[in-house]
Each structure stands twice: as C-alpha cells, then as structure tokens.
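# Topology and contacts: notes
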Amino acid sequence: QGGNDPSNPNAIFGGRGGYAAGNVTLTAGTTIHIYVGQQGSGCMNPNWRSTGGGGATDFRLTGGNWNDNAGLLSRILVAGGGGGRHGNNYEGTAYVGNDGGGATAPNYTANGVNITGATQSGGGSSTYGSSVVVGSFGFATPNNNSNTCSVGGWNGGSRGSDNWANGGAGGGWFGGVTSWPTGSGGSGYVYTAASWTPAGYTPTAAYQMANTQLIAGNASMPNPAGGNMTGRAGNGIAKITWTGTGC
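Figured I'd write up the structure that's included with this text.

How each quantity is defined
- For every chain, the first residue of its written sequence is number 1, and the numbers climb from 1 along that sequence.
- Local features in a predicted model are, by the rule used here, given only for residues with pLDDT of at least 70; side-chain atom pairs are given and counted only at 80 or more, and totals for whole chains, interfaces and linings are based on all residues.
- Each side-chain value is worked out from all heavy atoms of the structure, with water and hydrogens disregarded.
- Helix and strand assignments follow DSSP, with helices taken as H or I runs no shorter than four residues and strands as E runs no shorter than two, numbered in order from the N terminus.
- Throughout, the radius of gyration refers to the C-alpha atoms, and the reference size of a globule is 2.2 Å times the residue count to the power 0.38.
- Only protein chains enter the accessibility calculation, which uses a 1.4 Å probe; a residue whose area is less than 20% of its type maximum is buried, one above 50% is exposed, and one in between is partly exposed.
- Only heavy atoms enter the contact rule, under which two residues are in contact if any of them lie within 4.5 Å.
- Surface exposure here means Shrake-Rupley accessible area, sampled with a 1.4 Å probe, where a residue is shielded only by the protein chains that are shown.
- Patch definition: residues above 30% relative accessible area lacking any salt bridge, with like charges linked at up to 9 Å and the nonpolar side chains Val, Leu, Ile, Met, Phe, Trp and Tyr linked at up to 5 Å.
- Here a salt bridge means any side-chain nitrogen of Lys or Arg lying within 4 Å of a carboxyl oxygen belonging to Asp or Glu.
- A pair of strands is considered paired only if DSSP assigns at least 2 bridges between the two.
- With a 1 Å grid laid over protein atoms only, a set of points is called a cavity when a 1.4 Å probe fits there but cannot get out and a pocket when it is open yet has protein on both sides within 12 Å along at least five of seven lines; lining residues have an atom within 4 Å of a point.
- Grid points are joined across faces, edges and corners, and a volume is the space filled by probe spheres set on the points.
- Lys, Arg, Asp and Glu make up the charged group, whereas Ala, Val, Leu, Ile, Met, Phe, Trp, Tyr, Cys and Pro make up the nonpolar group; the residues left over, Gly among them, are polar.

Moving on, we get to the overall build of the protein chain. Assigned secondary structure in the protein chain consists of 1 helix and 11 strands. Helices and strands in the protein chain line up, N terminus first, as β-β-β-α-β-β-β-β-β-β-β-β. Here the C-alpha radius of gyration of the protein chain, 17 Å, is about what a compact globule of 247 residues would show, namely 18 Å. Seen along its three principal axes, the alpha-carbon backbone of the protein chain occupies a region of about 60 × 40 × 30 Å. Looking at the protein chain as a whole, 50% of its 247 residues are labelled buried. For the protein chain, long-range pairs separated by at least 24 residues make up 64% of all intrachain contacts whose partners lie at least 6 apart in sequence. Summed over its atoms, the accessible surface of the protein chain is roughly 10,100 Å², and 50% of this surface lies on carbon and sulfur atoms.

Right under this line is the structure:
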C-alpha cells in the first residue's frame, strides 16, 4: 500500500496493493527468491506531508539487491504496489484511486489531472505539465523536487516530494508514474505463454504459469487470512501453497 495521510492515517489511505497468483511446476532444487513490498510512509513535516508509494511483491529466479537488473529480468510473478498520498487530505477522499495493478493499474482523476496507471509495457502517464516522471521497469522513479521525509516502500516504491507536493508512485512489473498531486500504482505480472517479455528476460518456458489471476487493488481479491478483501492494506505478503501434485 502507498503511504496513508500522516495527518489522519487511520481514515485517509494510500493506494492499495494488487494481487497476483498462478500455478507453476518446479524442478527439485530450484531456488525462488521472494521480495515482499513495504508500505510507503511520510511524516508530519511542516509542508505538504506527502507519502511514498508502496513497493511491489514479487517472485524471481535471480537474487541480489532488489533493483539489480538481472533480478528484475527474472521475475515470474509480481503484485503491484499502490501510490502514496498528497497529504493533508488534499484530494478530499479516503482513497484517491491510485491502487496497484492488475495487468494495468487503475486510471483516475485527481484535482483535474488525469493519471494512468502502469501497464504491462510502460509506466503510465499524467496530464500534469511538469515534474512528471514515468515509471521504469521494476520500480517507480521520483522527481527532483525537494523532499523532507517521504519514503517509498522497499522494492520499488518512489518517495513523494514537498515542493509542489506529490505522493510517490507504486512499484511493480513497471512502476507507476510520479506526478502531482499523487503518483499512480505499479502494474502486476504473471509469466504465461501470452505474456509480453522485455529484451533480456531470462526465465524459460518451464516457468510459465497456469490458473493465473491479476487483480487491481480497487477490486475484490482473496485475503490470505481467509475470505476476501478489496486491495492489500499495509505491507505486502507472499504465500506458497503446494497443490498436492508432483513428486
């Protein structure tokens, strides 16, 4: 999830995280590296109190630092993170619409600015006229405006800024666009035979998944604690379940 509004964190929330799932048959001895996204944050600074976007949660075949290119090019499953808040409830709504992917993170309008979420092949867009930074493969990128204490969530969320304040964007397969008044969510991804893959993508067809799901944070999704929920609040979560097949 993106960071909640520091002035009212229990009622004014950052964009919610998305959901990704699939079945894959693994060879004995295979190592899967799991990177669990962190919620973005901010503080009660004297300016705009913006917060960072949430980090993605992903499964990859190559380990190392979260932003190593080799690791990003080995991801087979990604749940996108939500965008952060402008702060001081500037948008006037509990959820601003900047939830994480799905195959495409939700689009929304805030204060007359039309913002699109990240997709399978790009980092979204914004109609705002300046300080817009399109998300990159694997992470959201902050703009160069000053920042006091807004922090993007670990694994790809970008910080917000206090000069012409914006909430940061979420991480994902592609990170969301960083824009005023608040960044978009990152996209999710599941590797299948029909998936778009970038140049240098390393997983072989053996890792393609079946029975896949990609759900944006503004829709109903399975809750790991049981039942269903609308979007993932707080830090990310990863779960592996054996289907009872194979030997």
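On we go.
On the surface, Ile 34, Val 36 and Ile 240 cluster together to form a nonpolar patch covering roughly 260 Å² of accessible area. Position of Ile 34 relative to the elements: it lies in strand E2 (residues 33–35).

Taken in spatial order, the 3 strands make up an open sheet running E5-E6-E7, and their pairing is antiparallel. Every interior strand has two partners, whereas the edge strands, strand E5 (108–110) and strand E7 (125–126), have only one. In the sheet, E5 pairs with strand E6 (residues 113–116) via 3 bridges, with the strands oriented antiparallel. The residue bridging Ala 110 from the neighbouring strand is Val 113, located in E6.

A probe matching the size of a water molecule, rolled over the atoms, marks out where space remains unfilled. Here the largest pocket defines a volume of roughly 1,200 Å³. Of all the secondary structure elements, the ones that give two or more residues to the lining of the largest pocket are strand E1 (19–23), strand E3 (57–60), strand E4 (75–79), strand E9 (210–215) and strand E10 (220–222). Per-element tally for the lining of the largest pocket: the top contributor is E1, with 5 residues. Looking at side-chain class alone, the lining of the largest pocket contains 20 nonpolar, 20 polar and 3 charged residues.

By themselves, these figures tell us nothing about what the structure is for.
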